[in-house]
Amino acid sequence: MKIIHTAMHPLAANKFIEPLVKSANESGFSSEVWFEFRPQHKVFTDKIKVPTRDVSVDISANPLKVIANFFNLFFLLKKSRPDMVHAHFTRGALLPLLASYLRRVPVRVYNNHGITYLGHSGMIKHAFKWIEKINCYLATDIIAVTKAMANELNNLSGKHVQIIGVGSACGLQEDYFADTSGETIQKLKKQLDITEEDFVFIYVGRPVRRKGFQACLRAFDQMTKDGMSKAKLIMAGISQQDVVSELGYVPNGVRPLGFVFDLKNYYALSQAIILPSHHEGFPYCLLEAAAQQNAIIAT
């Protein structure tokens, strides 16, 4: 049996899909993941150790690019002749599901990782809602990452929606924090000017509104102004320029890290994670923080 997974970004492919592909191949299936190889994403692409193919599955405002991506997918599926296409994420699933539907691929799985329209309003909300409806219609099977997401998609599509186990895409490896050392944590604290008396919060995400970046940063800025000098906020995925663009300066207690591929040492030096998202599926940053026994403050 041949299974093709699709994703928009190699980071998502590495975190959410590679374990599924690896498990399938170890069980005797033939499985691979398709995503677009971009030069700026090479650091992520190089970390993936399962079979891959360079294919763009994204939709954009450029109709010519969308059409080109669709026909490329259509003819690659004709050549590959998979038994199953497993398409991930709302935006990234539309073209693979449509192409595999028209190619009459027997099993078409839509793996929803978070219902985007729940975090928007107006025309954007309606557009994402229609994409969800089309994805569900084209799929023979639908998988969600939480019971709440499954219920929402069930009501939207009228189809039975499944979750794997108790939720998430593929969970965390049991030894995720195995190589975290006290010496490494102390070095990081010194680099970040964090003392043993400080209470450390961590934010993990992009500098976008739907992740609650602005709300998190402004709340912490107010905490600092209110004299909470022992509170520190490390922000993974956020650069110093992102903070300056939002506030005009970097508050004394904020430590922007930029992009960090391996976060376990930063979870280990933190006491609590903050995630004020407008919508989420099953956030891996909360799983990772919980595995390190951090307190969770989340919407």
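Before any of the text, the structure's been laid out above.
All figures in this text were calculated on a predicted structure; none of them were measured in a lab.

**Considering the pairing of strand 2 (residues 30-35)**
The buried fraction of strand 2 amounts to five of the six residues, a majority that puts the element mostly inside the structure. Where strand 1 (residues 2-6) and strand 2 come together, five bridges link them in parallel fashion. Bridging across to strand 2, isoleucine 3 finds its partner in serine 31. As a crossover connection, the stretch from strand 1 through helix 1 (residues 10-26) into strand 2 is right-handed.

**Considering the sheet that holds strand 7 (residues 161-163)**
Here we have seven strands laid out as an open sheet, ordered 3-2-1-4-5-6-7, and parallel in their pairing. At either end of the open sheet lies a strand with only one pairing partner, and these are strand 3 (52-54) and strand 7. Neighbour-to-neighbour, the strand axes of the sheet open up by a mean angle of 25 degrees, direction not taken into account. In the packing of helix 3 (residues 63-80) onto the sheet, the strands contacted are strand 1, strand 2, strand 3 and strand 4 (84-88), and the crossing angle to strand 2 comes to about 165 degrees.

**Focus on the side chain of histidine 86**
Considering the arrangement of structural elements, one finds histidine 86 in strand 4. Histidine 86 sits in the buried class, given a relative accessible area of 9%. Of the polar contacts made by the side chain of histidine 86, one reaches the side chain of asparagine 111; its length is 2.9 Å. Discounting chain neighbours no more than four positions away, the residues touching histidine 86 are Ile4, His5, Thr6, Val109, Asn111 and Ile143.

**Some remarks on the pattern of salt bridges**
A full pass over the atoms with the stated rule returns 12 salt bridges. Note that lysine 15 is salt-bridged to glutamate 288, the shortest N-O span being 2.8 Å. A residue pair is termed long-range when its members are at least 10 positions apart, and lysine 15 in helix 1 and glutamate 288 in helix 11 (residues 284-291) qualify at 273 residues. By relative accessible area, which is 30% here, lysine 15 ends up partly exposed. Among the salt bridges present, the one from aspartate 46 reaches lysine 42, with a minimum N-O distance of 2.7 Å.

**A closer look at helix 5 (residues 122-138)**
Here helix 5 contains 17 residues, and its C-alpha end-to-end distance of 25 Å stays within 8% of the 24 Å for a straight helix at 1.5 Å per residue. Of all the residues in helix 5, the buried ones are Phe128, Ile131, Glu132, Asn135, Cys136 and Leu138. Looking down the long axis of helix 5, one finds its buried residues gathered within 165 degrees of arc, a one-sided arrangement. In this structure, helix 5 carries Met123, Trp130 and Tyr137 as exposed residues pointing more than 90 degrees from its buried face. On its buried face, helix 5 is in contact with helix 4 (90-102), strand 5 (107-111), strand 6 (141-144) and helix 6 (147-157).

**Section: the environment of serine 229**
Looking at the secondary structure, you find serine 229 in the loop between helix 8 (213-225) and strand 9 (231-236). Taking the relative accessible area as the measure of exposure, serine 229 reaches 53% and is therefore exposed.

**Here's the deal with the sheet that holds strand 11 (residues 272-275)**
Backbone-to-backbone hydrogen bonds join strands into a sheet, with any given pair of strands oriented parallel or antiparallel. If you trace the five strands from one edge of the open sheet to the other, you get 10-9-8-11-12, paired in parallel fashion. On the outer flanks of this sheet lie strand 10 (254-258) and strand 12 (295-298), each paired with one strand and no other. Between one strand and the next, the sheet's axes are offset by a mean angle of 20 degrees, whatever the strand orientation. Running at roughly 160 degrees to strand 9, helix 8 makes contact with strand 8 (199-204), strand 9, strand 10 and strand 11 of the sheet.

**With respect to the pairing of strand 6**
Summarising the sheet, strand 5 and strand 6 pair through three bridges and their orientation is parallel. In the sheet register, valine 109 faces strand 6, and the bridge partner there is aspartate 141. Of the crossover connections in this fold, the one passing from strand 5 over helix 5 to the parallel strand 6 is right-handed. Sheet analysis places strand 6 next to strand 7, joined by three bridges and oriented parallel. Following the sheet pairing, isoleucine 142 is matched in strand 7 by valine 161. Where the polypeptide runs from strand 6 across helix 6 and back to strand 7, its parallel neighbour, the crossover connection is right-handed.

**Re the layout of surface pockets**
If you add up the space inside the second largest pocket, you get close to 170 Å³. Around the second largest pocket sit Met1, Ile3, His5, Leu20, Ser23, Ala24, Met84, His86 and Ile164, which together line it. Broken down by secondary-structure element, the contributors of at least two residues to the lining of the second largest pocket are strand 1, helix 1 and strand 4. Of all the elements, helix 1 adds the most residues to the lining of the second largest pocket, at three residues. Looking at side-chain class alone, the lining of the second largest pocket contains six nonpolar, three polar and no charged residues.

How each quantity is defined
- Residues numbered from 1 in each chain as written.
- Predicted model: local features only at pLDDT ≥ 70, side-chain atom pairs only at ≥ 80, totals over all residues.
- Heavy atoms only, no water.
- Buried < 20%, exposed > 50% of the residue type's maximum accessible area, 1.4 Å probe, protein only.
- Helix = DSSP H or I, 4+ residues; strand = E, 2+ residues; numbered from the N terminus.
- Pairing = 2+ DSSP bridges.
- Right-handed = clockwise from strand over helix to strand, strands pointing away.
- Axes fitted to C-alpha atoms, helices over the stretch in contact; angles between N-to-C directions.
- Contact = heavy atoms within 4.5 Å.
- Polar contact = N/O pair within 3.5 Å; in protein donor to acceptor, adjacent residues only side chain to side chain.
- Salt bridge = Lys/Arg side-chain N within 4 Å of Asp/Glu carboxyl O.
- Expected span 1.5 Å × (residues − 1).
- Arc of directions from axis to C-beta.
- 1 Å grid on protein atoms, 1.4 Å probe; cavity = no way out; pocket = protein on both sides within 12 Å on 5 of 7 lines; lining within 4 Å.
- Points joined across faces, edges and corners; volume = space filled by probe spheres on them.
- Nonpolar A, V, L, I, M, F, W, Y, C, P; charged D, E, K, R; others polar.

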